[in-house]
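# Examining the three-dimensional arrangement
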Amino acid sequence: MMKHSVCVLGGGSFGTALANIMANNGHQVSQWMRNEEQVEEINLTGLNSRYLPNAPLHRELLATSNLEQAIRESDTVFVSIPSKSFEQVVQRIEPLLTADKILISTTKGFNPNRFELMSDVLRRNPITQKIGVLSGPNLAKEIAAGQMTGSVIASADDLVRQRVIELLKSPTFRVYENRDCKGVELAGALKNIYAIVCGLAKAMNVGENTMSMIMTRSLAEMSRFAVHFGANPMTFLGLAGMGDLIATCTSPLSRNYRVGFAIGSGENLEEAVGGIGEVAEGVNTLKMVVEEAHKHGLYMPLAEGLSKLLFENAKLESLIGSMMTGEQKWDVEFATNEESDNV
Ligand SMILES: NC(=O)C1=CN([C@@H]2O[C@H](COP(=O)(O)OP(=O)(O)OC[C@H]3O[C@@H](n4cnc5c(N)ncnc54)[C@H](O)[C@@H]3O)[C@@H](O)[C@H]2O)C=CC1
Ligand SMILES: O=C(CO)COP(=O)(O)O
């Protein structure tokens, strides 16, 4: 096996979980973070206690606050920075890039400054177009605990997909491939909206019929939006689509689910987000997606209902009403059924 030099940008839970897999695989891994105390803690104790407590890290994993050195010395860069700061960090690394460096986004969200995905931010650099997106049902704490996990690397470039598989595959981490970058990336970002809806529903003690209905209609809504922007609907049947939707909509380990649960338990949005202490991408995603859906005339009753609830103080009944009496009547869209005059 060839030993690669890898850099992970971001000291959060997912960046740490990925860096640790690659270090365990024998690659030379540096993890860049801005917090000096965190750098020291990881290097001295092998723990990232704030973001990934109880997960002993490989002793060769090197935490660093030296961005320039970390980028220069790596052939592959994973960007695990929340969407809010993603563009700013990518701008800092641009002068350090070379044509052969591979850039991978692991961030499931939209740029809050304009409607674009993280891979669009990466593609704007003028030096390297070796770009990929990693997405799937990948709760960081479960990965760190060694739970068997599947993920998807999406890229049009064969070399990029092969490199990520080589870096990350392990007895407990399996990486599948997809060429549909747009679909994989949109699936990862969009499901956070529906994880909030499901957390809310769970706090209200709804039954499994209701949970199944919400999750299935969420998948329909996500794929409708994504197909409009060029995704392949079949991607939504895979790990990055249905897989991640199931994990995030059912697990209290999901920050987005927890935001929904807290709101369903009576907290307001600010309290719910503040209580998490980590990033919950779904709130910004909801804003961006609903605005875009309006512009393009896309029918998204669940997202629309949640947006009214969170940002316009609408009653919960309006979200329920959106789902129960909405205009969409066909179960499956993108079907071969000639009669299906889908909305
Ligand atoms: N945690 C998880 O289970 C998974 C997370 N993701 C995605 O990974 C992305 C990163 O998430 P997490 O690592 O979970 O986030 P986190 O909330 O655990 O940590 C975020 C990290 O980014 C750092 N950061 C924020 N702004 C920064 C800036 N301007 N400069 C430098 N560092 C900055 C923070 O200091 C922190 O170390 C998110 O978009 C999330 O959707 C994807 C799959 C699983
Ligand atoms: O994307 C995730 C799991 O695949 C993590 O979800 P949260 O960001 O909601 O914690």
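Residues numbered from 1 in each chain as written. Chains lettered and ligands numbered in written order. Predicted model: local features only at pLDDT ≥ 70, side-chain atom pairs only at ≥ 80, totals over all residues. Heavy atoms only, no water.

### Looking at the pairing of strand 8 (residues 173-178)
In terms of strand pairing, strand 7 (residues 149-154) meets strand 8 through six bridges, oriented parallel. Considered in strand 8, the bridge of Ile 153 is made with Glu 177. Handedness of the crossover is the feature at issue here: the chain leaves strand 7, passes through helix 7 (residues 158-168), returns alongside strand 8, and the resulting connection is right-handed. (Pairing = 2+ DSSP bridges. Helix = DSSP H or I, 4+ residues; strand = E, 2+ residues; numbered from the N terminus. Right-handed = clockwise from strand over helix to strand, strands pointing away.)

### Side note on a nonpolar patch on the surface
A contiguous nonpolar surface patch, about 350 Å² in accessible area, is contributed by Met 204, Met 213, Ile 320 and Met 324. Tracing the chain through its elements places Met 213 in helix 9 (residues 208-228). In this structure Met 213 comes out as partly exposed when scored by relative accessible area, which is 31%. (Patch = residues over 30% accessible without salt bridge, like charges linked within 9 Å, V, L, I, M, F, W, Y side chains within 5 Å. Areas by Shrake-Rupley, 256 points an atom, 1.4 Å probe, with all protein chains shown as cover. Salt bridge = Lys/Arg side-chain N within 4 Å of Asp/Glu carboxyl O. Buried < 20%, exposed > 50% of the residue type's maximum accessible area, 1.4 Å probe, protein only.)

### Here's the deal with the packing of aromatic side chains
Within this structure, the stated rule accounts for five aromatic pairs. Here the aromatic rings of Phe 110 and Phe 115 are separated by 5.1 Å at their centres, their planes lie at 20 degrees, and the arrangement is stacked. What makes Phe 110 buried here is its relative accessible area of 0%. Between Phe 225 and Phe 229 the ring centres are 4.9 Å apart and the planes differ by 45 degrees, which places this aromatic pair in the tilted class. We classify Phe 225 as buried; its relative accessible area is 0%. Classification of Phe 229 by relative accessible area gives partly exposed; the value is 21%. Just above the ring of Tyr 176 sits the side chain of Arg 174; from NZ or CZ to the centre is 4.2 Å. (Phe/Tyr/Trp six-rings, centres within 6.5 Å; stacked < 30°, edge-to-face > 60°. Lys NZ or Arg CZ within 6 Å of the ring centre and 35° of its normal.)

### A short note on the confidence of the model for the protein
Of all residues in the protein, 98% have pLDDT values of 70 or greater, and the mean over the chain is 95. At the level of chain-chain contacts, confidence expressed as ipTM amounts to 0.98, with global pTM at 0.97. (pLDDT = per-residue confidence, 0-100.)

### Description of the site of ligand 2
Around ligand 2, the neighbouring residues are Lys 108, Gly 136, Pro 137, Asn 138, Leu 139, Lys 191, Asp 244, Thr 248, Leu 253, Ser 254, Arg 255 and Asn 256. Between ligand 2 and Ser 254 there is a distance of 2.7 Å, counted from an oxygen atom to a side-chain nitrogen or oxygen. Between ligand 2 and Asn 256 there is a distance of 2.7 Å, counted from an oxygen atom to a side-chain nitrogen or oxygen. For ligand 2, the protein covers 91% of the area, taking 310 Å² as the surface of the free molecule. For the shell around ligand 2, the elements supplying multiple residues, two or more each, are helix 10 (239-250) and helix 11 (255-264). Residue classes in the shell around ligand 2 are distributed as three nonpolar, five polar and four charged. Summarising the domain contributions, the shell around ligand 2 has at least three residues from each of domain 1 (5-179) and domain 2 (189-324). (Near = heavy atom within 4 Å. Polar contact = N/O pair within 3.5 Å; in protein donor to acceptor, adjacent residues only side chain to side chain. Nonpolar A, V, L, I, M, F, W, Y, C, P; charged D, E, K, R; others polar. Domains from an automatic or database assignment.)

### Things to note about the site of ligand 1
If you check the shell around ligand 1, you find 24 residues, and the closest are Ser 13, Asn 138, Ala 140, Val 279 and Glu 281. One nitrogen or oxygen atom from the side chain of Arg 34 is found 3.3 Å from an oxygen atom belonging to ligand 1. Contacts to ligand 1 include Ala 140, whose backbone N or O atom sits 2.8 Å from an oxygen atom. Surface burial for ligand 1 is 91%, taken as the share of its 840 Å² of free accessible area covered by protein chains. Counted by class, the shell around ligand 1 contains nine nonpolar, ten polar and five charged residues. Looking at the shell around ligand 1, you find at least three residues from each of domain 1 (5-179) and domain 2 (189-324).

### Considering the sheet that holds strand 1 (residues 5-9)
Strand order in the open sheet formed by eight strands is 3-2-1-4-5-6-7-8, with mixed pairing between adjacent strands. Only two strands of the sheet have a single partner each, and these edge strands are strand 3 (62-64) and strand 8. Averaged over neighbouring strand pairs, the angle between their axes works out to 25 degrees when direction is ignored. Examined bridge by bridge, strand 2 (residues 28-32) and strand 3 share three bridges and lie parallel to one another. Residue pairing for strand 3: Trp 32 is matched across the bridge by Thr 64. In the packing of helix 7 onto the sheet, contacts are made with strand 1, strand 4 (76-79), strand 5 (102-105), strand 6 (131-135), strand 7 and strand 8, and the angle to strand 8 comes to roughly 175 degrees. (Axes fitted to C-alpha atoms, helices over the stretch in contact; angles between N-to-C directions. Contact = heavy atoms within 4.5 Å.)

### Focus on the environment of Val 8
With respect to the helices and strands, Val 8 occurs in strand 1. Distance from Val 8 to Gly 326, taken between C-alpha atoms, is 44 Å for residues 318 residues apart in sequence. If we skip the residues at most four places from it in the chain, Val 8 touches Gly 15, Ala 19, Met 22, Val 29, Ser 30, Gln 31, Trp 32, Phe 78 and Ser 80.

### Digging into the pairing of strand 7
Across a regular strand the side chains alternate sides, sitting on one face of the sheet and then on the other. Extensive coverage of strand 7 is indicated by the burial of six of its six residues. Residues Thr 149, Ser 151 and Ile 153 of strand 7 are buried on one face, and the alternating residues Gly 150, Val 152 and Ala 154, pointing to the opposite face, are buried as well.

### Considerations on the environment of Ile 193
If you trace the backbone, Ile 193 turns up in helix 8 (residues 181-203). Separated by 93 residues in the primary sequence, Ile 193 and Leu 286 have C-alpha atoms spaced 5.9 Å apart. Look past the residues within four positions of Ile 193 in its chain and what remains in contact with it is Gly 282, Thr 285, Leu 286, Val 289, Ala 303 and Leu 306.

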